[in-house]
Amino acid sequence: MTFSQGEGDWSPSYTGNWSDDAMWYQYYDGWSDAYAYPTSPISDNILLGEVQEQVTITMDLPMTLSSGFNIIVYSTVHLILNEDLTIENGATLAINYNGRLTIGAGVTLTIKGQFNVEGSINNNGNLVIESSATESGSMVYNASISGTYKQTITNGVWHLIGVPMTGVELGAFDPAGGDGYMRPYVTATPGWGDYMYDESTVLNVGQGYEYWTTVSNTVSISGAFYNGNKSLTLSTAGNKYNLIANPYPCALDWETVADNANVTSGSVYYYNATGGTNGYAVYSAASNTGTFGATQFIPPFQGFFVEQTGGDASMDFTNENKEHPDHEFYKNSKSEGISDRVRIQISQDEFWSETVVVGVEGATSGYDRNIDTRMPTITDPVAPEIYSKGGDEKIMINGIGDYPAVVPLELDVLIAGIIKLQVTEMSDMLPYTLVELEDRQTGTFYTLTPTFMGLNINVEQGILRDRFFVHYSSTVGIDEQDVNKPEIYSARNIVYIKNNNQVEYDYQIINMLGQVIAEGQNNGSQIFSVQLDQPAAYYLVKVTTNDLTTTEKLYISK
């Protein structure tokens, strides 16, 4: 029987050398047949010990495992590398529980993909983890082991970096044929600290640094990979933004970190200088939502900001937070299955920005520290910004907890001209939720759908406020009386009355002293608004039709 590469899974039948034809079987569609040994590059799955136990395999030929395939060492199996093995990006080498791996003297195991170890490793040679500018090599191993980590860093942009082992000196980042610059962030100032020049300066594991290189630089560091718990003290001074870093040679799952970190807003900020953005991508654990492609998985070698917002001033990382990355190294998330999310983007020439509004249980119309993600106050903007408002706060990712709701949008425009506003994502909303964009300047309401073509608006330099508002209302789950009942809600100092049946009604707005401060009649337009010039306080809004009187208590702010 003849097999083509990639058609089946390989498994050895007894102890022996990799190059021994007779010991290999290939399994295909439920049956097997003897075959020659797997050759390099390997384009099949290698299952060591799935069928036979107490197997020792000695790899006596240099091998490369191709992207998309796995070598799995099962329990009681011992894989001995007497020649080099390379795991390409997209491939996986897994040492399962009680499995063993020995790297022979003078032999190099190079990990460009994923290396997952639940068993044990005896390293008599060289373990090398390589990460390019766009892909991360990764090792999840909950024991101490030494090796080399190589990270390629592109030139001409700032990077936030950290190191996954102790004893790394600044000199390791000195690029051949160019210049490198590194400095810490000082929360108390707040701002960037002095550049570091002493090449013998030891970089702290878990601390983030800003780094620039004039030429592309592959940093190579060697030592014991960091393993176990890492506790970081966060500064409560200044703007409370702390630059920290992933301490492990694998991804850090922010979801599991944020679950046990009551010291931050639950959001993580990356510097991402690609494209025409202002630089900061953010991921919110509370809403499982990211901007500019950010996910919950923080790559190895990555620095990032967190905002200290209260509670203890320390943050702890553990081996339970380790995960393999699903994202490239950021230059400068569990988003699936999230309902009621709208992503709105603005663009001007090559520059762009985005904000997200997402349904989160327990969120309010104000700023919720453990749910909403504020705009960072780390650097000055270089591109136009769009954000929503929660009270006085500028919010990148805004959680809403109930309908009806209205979310004010603001634009911070650096250069006067034409800006395009468009919806780039709407998830799991229609037909159960109606989302509308109000342009108060033109008095127009736009129903937002995934096919909404967007608006081109001519804007002046400065902050554009009190013009655009996003309205949310539910279209299901109401009985017949609720159909006739108007929806009454507010945003800042604006009261909205949504008249589903478009019948005439009278309205009154009453302060807590019982004084009527505004009243009138509406002829049946679907959404009617009243802007108040009153102190911030609670007010009663009463709407009366021929058949029904509805009263809501609203907080009106400036």
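Please refer to the structure placed before this passage.
Peer 1: I keep staring at the overall build of the chain and nothing clicks. Help me out?
Peer 2: When helices and strands are tallied, the chain shows two helices and 52 strands. Per-residue burial over the chain gives 52% buried out of 558 residues. Of the roughly 23,200 Å² of accessible surface on the chain, a fraction of 44% belongs to carbon and sulfur atoms.

Peer 1: Got a minute to help me understand the nonpolar core in this structure?
Peer 2: Proteins that are soluble and globular tend to have nonpolar side chains buried together. Formed by 95 residues in total, the largest nonpolar core has its most connected members in Leu101, Leu109, Phe115, Phe173, Trp254 and Phe304. In this view, Trp254 contacts Thr264, Gly266, Ser267, Val268, Tyr283, Ala285, Gln296, Ile298, Phe304, Val306 and Met315; residues no more than four positions away in its chain are not counted. Within the second largest apolar cluster, 25 residues are counted, among which are Val357, Val423, Ile457 and Val459.

Peer 1: Is there a simple way to explain empty space enclosed by the protein in this structure?
Peer 2: In this model, the largest cavity occupies a volume close to 30 Å³. In terms of lining, the largest cavity is formed by Met139, Tyr141, Ala143, Ile145, Phe225, Tyr226, Asn227, Pro249 and Lys322. Along the lines of polarity and charge, the residues of the lining of the largest cavity split into seven nonpolar, one polar and one charged.

Peer 1: Honestly, a negative patch on the surface in this entry has me stumped. Any pointers?
Peer 2: Among the surface-exposed residues, Glu169, Asp174, Asp179, Asp198 and Glu199 lie close enough to one another that they form a single negatively charged patch. Inspection of the secondary structure puts Asp198 in the loop between β22 (191-192) and β23 (209-213). Relative accessible area serves as the criterion here: at 47%, Asp198 is assigned to the partly exposed category.

Peer 1: Would you mind going over the sheet that holds strand β50 (residues 527-531) with me for this structure?
Peer 2: Strand pairing in a sheet relies on backbone hydrogen bonds, with the paired strands running either antiparallel or parallel. Pairing is antiparallel in the open sheet, where three strands are placed in the order β46-β47-β50. Sheet topology places β46 (487-491) and β50 at the edges, where each strand pairs with a single neighbour. Across the sheet, the axes of successive neighbouring strands diverge by a mean angle of 20°, strand direction being ignored. Pairing of β46 with strand β47 (residues 494-498) involves five bridges; the strand directions are antiparallel. For Tyr489, the partnering residue across the bridge sits in β47 and is Tyr496.

Peer 1: Which parts of the structure should I look at to understand the layout of surface pockets?
Peer 2: Picture a little ball the size of a water molecule; that probe, rolled over the atoms, points out where space is still empty. Its boundaries defined by the atoms lining it, the largest pocket holds a volume of some 710 Å³. Considering the residues around the largest pocket, the lining is formed by 30 residues, among which Thr364, Ser365, Gly366, Val406 and Ser490 are closest to the centre. For the lining of the largest pocket, the elements supplying multiple residues, two or more each, are β38 (385-390), β39 (393-400), β40 (405-413), β46 and β52 (549-556). Of the residues that constitute the lining of the largest pocket, the class distribution is 13 nonpolar, ten polar and seven charged.

Peer 1: Looking at this structure, how should I read a nonpolar patch on the surface?
Peer 2: Taken together, the side chains of Tyr181, Tyr195 and Tyr197 present a nonpolar region at the surface, about 340 Å² in accessible area. You can see Tyr181 is positioned in strand β20 (residues 180-183).

Peer 1: I tried to follow the pattern of salt bridges on my own but got confused; where do I start?
Peer 2: Between side chains of opposite charge, a pair can form when the charged atoms approach closely. All chains considered together, the criterion is met by eleven salt bridges. A salt bridge links Arg374 to Glu307, with the shortest nitrogen-to-oxygen separation between them at 2.0 Å. Accessibility expressed as a relative area gives 3% for Glu307, which makes it buried. Between Asp439 and Arg467 there is a salt bridge, and its shortest N-O distance comes to 2.8 Å. Within this pair, whereas Asp439 is found in strand β42 (residues 433-439), its partner Arg467 is found in strand β45 (residues 462-474), the two being separated by 28 residues in sequence. Both residues of the pair, Asp439 and Arg467, belong to the buried class. Three or more residues joined by partner-sharing salt bridges are found here, namely Arg341, Arg343, Glu354 and Glu425.

Peer 1: Looking at this structure, how should I read unusual backbone geometry?
Peer 2: Keep in mind that most residues, glycine aside, have a negative phi and that most peptide bonds are trans. Along the chain, Ser40 connects to Pro41 via a cis peptide bond; the corresponding omega equals 0°. Thr189 connects to Pro190 through a cis peptide bond whose omega is -20°. Take Pro190: it is sitting in the loop between β21 (185-186) and β22. Its identity is not glycine, yet Lys240 carries a phi of approximately 70°, on the positive side. Its location among the elements puts Lys240 in the loop between β25 (230-233) and β26 (241-245). The backbone phi angle of Asn288 is positive, close to 50°, even though this residue is not glycine. Tracing the backbone through its elements, the reader meets Asn288 in the loop between β29 (280-284) and β30 (289-290).

Peer 1: Just checking my understanding: could you explain the sheet that holds β23 for this structure?
Peer 2: If you walk across this open sheet you meet the three strands as β19-β23-β20, and the pairing is antiparallel. Of all the strands in the sheet, the pair left with one neighbour each is β19 (159-161) and β20. Taken pair by pair, the neighbouring strands of this sheet meet at an average axis angle of 30°, ignoring direction. Bridge count between β20 and β23: four bridges; the pairing is antiparallel. Across the sheet, residue Met182 finds its bridge partner in β23, namely Tyr211.

Peer 1: Just checking my understanding: could you explain the packing of aromatic side chains for this structure?
Peer 2: Centre distance and the angle of the planes are the two values used to describe a pair of aromatic rings. Here the structure, examined in full by the defined rule, presents 21 aromatic pairs. Here the aromatic rings of Trp18 and Trp24 are separated by 5.0 Å at their centres, their planes lie at 65°, and the arrangement is edge-to-face. Each member of the pair Trp18 and Trp24 is classed as buried. Ring-pair connections join several aromatic residues into one group, and the members of that group are Tyr185, Trp192, Tyr271, Tyr280 and Phe305.

Calculation criteria
Residues numbered from 1 in each chain as written. Predicted model: local features only at pLDDT ≥ 70, side-chain atom pairs only at ≥ 80, totals over all residues. Heavy atoms only, no water. Helix = DSSP H or I, 4+ residues; strand = E, 2+ residues; numbered from the N terminus. Buried < 20%, exposed > 50% of the residue type's maximum accessible area, 1.4 Å probe, protein only. Areas by Shrake-Rupley, 256 points an atom, 1.4 Å probe, with all protein chains shown as cover. Core = buried A, V, L, I, M, F, W, Y, C linked by side-chain atoms within 4.5 Å. Contact = heavy atoms within 4.5 Å. 1 Å grid on protein atoms, 1.4 Å probe; cavity = no way out; pocket = protein on both sides within 12 Å on 5 of 7 lines; lining within 4 Å. Points joined across faces, edges and corners; volume = space filled by probe spheres on them. Nonpolar A, V, L, I, M, F, W, Y, C, P; charged D, E, K, R; others polar. Patch = residues over 30% accessible without salt bridge, like charges linked within 9 Å, V, L, I, M, F, W, Y side chains within 5 Å. Salt bridge = Lys/Arg side-chain N within 4 Å of Asp/Glu carboxyl O. Lys, Arg positive; Asp, Glu negative; His and termini not counted. Charge placed at Lys NZ, Arg CZ, Asp CG, Glu CD. Pairing = 2+ DSSP bridges. Axes fitted to C-alpha atoms, helices over the stretch in contact; angles between N-to-C directions. Phe/Tyr/Trp six-rings, centres within 6.5 Å; stacked < 30°, edge-to-face > 60°.

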